[in-house]
Amino acid sequence: MTSPSNRGAPASTEPRINDRIRVPEVRLVGPNGEQVGIVRIEDALRLAQEADLDLVEVAAQARPPVCKLMDYGKFKYESAQKARESRRNQQLTVIKEQKLRPKIDPHDYQTKKGHVARFLSGGNKVKVTIMFRGREQSRPELGYRLLQKLAEDVAELGFVESNPKQDGRNMIMVLAPHKTTKTRPLKPDYGDGVDVASEQDAGTAQE
């Protein structure tokens with residue numbers, strides 16, 4: 001059985017165990033999850049000692065508090081192992097940024113597309129920003145079509161995680177590298193009061 005901590009120890013986020021549980025009675029749960037019922041704290045501690053287990057407070061806010069019989073040392077060890085395994089399985093995702101102009105020339109576009117492809121290949125997300133200047137702000141469909149083309153050109157490497165959205169003078173889209181998610185179709189958001197379908201129709205008519 002785990003020995004109780006000293007009464008003068010600093011405050012801890014760990015649950016109270018054994019003699020640190022100072023209430024008249026508890027709702028006791030057995031080692032296999034079975035409900036024992038409400039028992040006096042003395043009886044709960046005796047049962048823990050007889051089973052060579054710890055009495056662990058698992059729901060301090062309940063009335064009476066809920067306590068469970070368990071091997072607390074083994075429980076902490078297994079929890080730490082699971083936490084380490086979870087951290088190892090997590091991939092550190094970095095968000096890169098790539099900025100484009102709506103009337104970018106073909107050579108610059110190929111260069112920017114190459115950067116985006118490299119970022120996605122490296123497992124990073126990419127925030128693509130279209131920067132509008134002057135009269136370009138009245139033609140958001142230009143930015144949307146450019147983002148749509150870029151998404152299609154790198155579809156083998158990534159998918160659209162955040163659809164194009166107007167943000168002041170910029171339009172922003174976020175691409176993420178493929179895992180098991182399929183590429184999603186673009187759904188532009190030009191802000192309040194703009195009809196997406198009419199913008200696309202207008203752009204098609206002008207081409």
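Residues numbered from 1 in each chain as written. Predicted model: local features only at pLDDT ≥ 70, side-chain atom pairs only at ≥ 80, totals over all residues. Heavy atoms only, no water.

Asker: How would you sum up the overall build of the protein? Please name residues and give values.
Answerer: For the protein, the count of helices and strands is 5 helices and 8 strands. Reading the helices (α) and strands (β) of the protein from amino to carboxyl end gives β-β-α-β-β-α-β-α-β-α-β-β-α. Scored against the burial criterion, the 207 residues of the protein give a buried share of 32%. The long-range share in the protein, meaning contacts at least 24 apart out of those at least 6 apart in sequence, stands at 56%. Total accessible area on the protein stands at roughly 13,300 Å², and carbon and sulfur atoms take up 48% of it. (Helix = DSSP H or I, 4+ residues; strand = E, 2+ residues; numbered from the N terminus. Buried < 20%, exposed > 50% of the residue type's maximum accessible area, 1.4 Å probe, protein only. Contact = heavy atoms within 4.5 Å. Areas by Shrake-Rupley, 256 points an atom, 1.4 Å probe, with all protein chains shown as cover.)

Asker: Go over the sheet that holds strand β4 (residues 66-70), please, and point to the residues and values.
Answerer: Sheets are built from strands paired through backbone hydrogen bonds, the pairs being either parallel or antiparallel. With mixed pairing, the 4 strands of this open sheet are ordered in space as β2-β1-β4-β3. Every interior strand has two partners, whereas the edge strands, β2 (35-40) and β3 (54-59), have only one. Adjacent strand axes in the sheet meet at a mean angle of 35°, parallel and antiparallel pairs treated alike. Across the sheet, helix α1 (residues 41-50) is in contact with β1 (25-29), β2, β3 and β4; its angle to β2 comes to roughly 125°. (Pairing = 2+ DSSP bridges. Axes fitted to C-alpha atoms, helices over the stretch in contact; angles between N-to-C directions.)

Asker: Explain the packing of helix α3 (residues 106-121) against helix α4 (residues 140-153) residue by residue, including any values.
Answerer: Close contact between α3 and α4 brings their axes to 11 Å; oriented N to C, the two are set at 55°. The orientation of α3 with respect to α4, classified from their angle, is oblique. Along this stretch, α3 crosses α4, giving a crossing that reads as right-handed. Listed contacts from α4 to Tyr109, Lys113 and Val116 of α3 are Leu146, Lys149, Leu150 and Asp153. For the contact of α3 with α4, a count of residues per class yields 4 nonpolar, no polar and 3 charged. (Parallel < 35°, antiparallel > 145°, perpendicular 65-115°, else oblique. Left-handed = near helix turned anticlockwise from the far one by under 90°. Nonpolar A, V, L, I, M, F, W, Y, C, P; charged D, E, K, R; others polar.)

Asker: If you had to explain the pattern of salt bridges to someone new, which residues and values would you point to?
Answerer: Evaluation of the coordinates by the stated rule reveals 9 salt bridges. In this structure, a network of salt bridges that share partners links the residues Arg40, Asp43, Arg46 and Glu50. (Salt bridge = Lys/Arg side-chain N within 4 Å of Asp/Glu carboxyl O.)

Asker: Would you mind going over the environment of Glu97 in detail, with residue names and values included?
Answerer: Mapped onto the elements, Glu97 comes out in strand β5 (residues 95-100). Distance from Glu97 to Val174, taken between C-alpha atoms, is 9.0 Å for residues 77 residues apart in sequence. Those residues in contact with Glu97 that lie beyond four places of it in its chain are Phe119, Lys127 and Thr129. A polar side-chain atom of Glu97 sits 3.2 Å from a polar atom in the side chain of Thr129. (Polar contact = N/O pair within 3.5 Å; in protein donor to acceptor, adjacent residues only side chain to side chain.)

Asker: Can you lay out the nonpolar core for me, pointing to particular residues and giving the numbers?
Answerer: Formed by 20 residues in total, the largest nonpolar core has its most connected members in Val116, Val126, Val128, Ile130, Val154, Met173 and Leu175. Those residues in contact with Leu175 that sit more than four places away from it in its chain are Val116, Leu120, Lys125, Val126, Val128, Ala151, Val154, Phe159, Val160 and Glu161. Counting 12 residues, the second-largest nonpolar core is a separate cluster that includes Val26, Val39, Ala44 and Ala48. (Core = buried A, V, L, I, M, F, W, Y, C linked by side-chain atoms within 4.5 Å.)

Asker: Could you give an account of the packing of aromatic side chains, naming the residues involved and the relevant values?
Answerer: Going through the model one piece at a time under the given rule, you end up with 1 aromatic pair. Judged by centre distance (6.2 Å) and plane angle (25°), the rings of Tyr72 and Phe75 are stacked. Linking Tyr72 with Phe75, this pair stays in helix α2 (residues 72-89), spanning 3 residues, or about one helical turn. Tyr72 sits in the buried class, given a relative accessible area of 6%. By relative accessible area, which is 42% here, Phe75 ends up partly exposed. (Phe/Tyr/Trp six-rings, centres within 6.5 Å; stacked < 30°, edge-to-face > 60°.)

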